[in-house]
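A structural walkthrough
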Amino acid sequence: MSRGASVAAAYRQRDRLPRYWFANRLLLTLSGQRPVHTLLGHALPAAYDRLVELAPRAPLRPAGGHATAPVVRRCGEYRPRHGVIEAFARIASGDRLSALAFRLELGADARWRCAAVDLGPLA
């Protein structure tokens with residue numbers, strides 16, 4: 001396997017982790033690339049309401065004339081207890097970095113759902 005193929009396989013495996021899967025979906029919504037309803041069923045009511053409030057502003061949309069789509073650079077997690085992930089992601093768009101924090105909760109159906117979203121103070 002070539003180095004490029006190995007790197008691509010590693011990224012695909014990484015993107016299957018719940019924190020990365022959600023970070024990428026939240027980024028698509030909060031950058032205006034996907035409608036908020038694509039997260040319906042993947043977010044609990046309070047988090048979905050917050051996304052409905054944030055999405056029209058597209059706070060993670062590239063600033064100014066940047067043509068570079070924002071990407072998740074790194075996503076970490078803390079597990080305060082079983083069935084809960086508190087995650088944070090670094091979002092890069094050109095030379096601008098943004099932070100995204102969110103909480104995931106494991107439902108009785110063994111599916112992760114977003115329970116909270118925070119972007120910090122928005123300019």
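Refer to the structure printed above.
Here the structure is a predicted model, which is why all the values come from computation and not from measurement. (Residues numbered from 1 in each chain as written. Predicted model: local features only at pLDDT ≥ 70, side-chain atom pairs only at ≥ 80, totals over all residues. Heavy atoms only, no water.)

A regular strand places its side chains on the two faces of the sheet in alternate fashion. With 10 bridges connecting them, strand S2 (residues 84-93) and strand S3 (residues 96-106) associate as antiparallel partners. Counted as the bridge partner of Arg90 is Ala99 from S3. Between S2 and the antiparallel strand that follows it, S3, lie 2 residues; Gly94 among them carries a positive phi value of about 65°. As paired strands, S3 and strand S4 (residues 112-118) are joined by 6 bridges and run antiparallel to one another. Its bridge partner being in S4, Glu105 is matched across the sheet by Arg113. As consecutive antiparallel partners, S3 and S4 are separated by 5 residues, and within that stretch Ala110 has a phi angle of approximately 65°, a positive value. (Pairing = 2+ DSSP bridges. Helix = DSSP H or I, 4+ residues; strand = E, 2+ residues; numbered from the N terminus.)

Below, the discussion takes up the pattern of salt bridges. Two side chains bearing opposite charge may form a pair once their charged atoms approach each other closely. Under the definition given, this model contains 7 salt bridges. In this structure, Glu53 engages Arg50 in a salt bridge whose closest nitrogen and oxygen atoms are separated by 2.6 Å. You can see Glu53 and its partner Arg50 sitting in helix H3 (residues 45-54), 3 residues apart, about one turn around the helix. Ionic pairing is found between Arg103 and Glu86, a salt bridge with its closest N-O pair at 2.7 Å. Taken together, the positions of Arg103 in strand S3 and Glu86 in strand S2 put the pair 17 residues apart, joining distant regions of the chain. One connected set of salt bridges, linked through shared partners, spans Arg19, Glu77 and Arg79. (Salt bridge = Lys/Arg side-chain N within 4 Å of Asp/Glu carboxyl O.)

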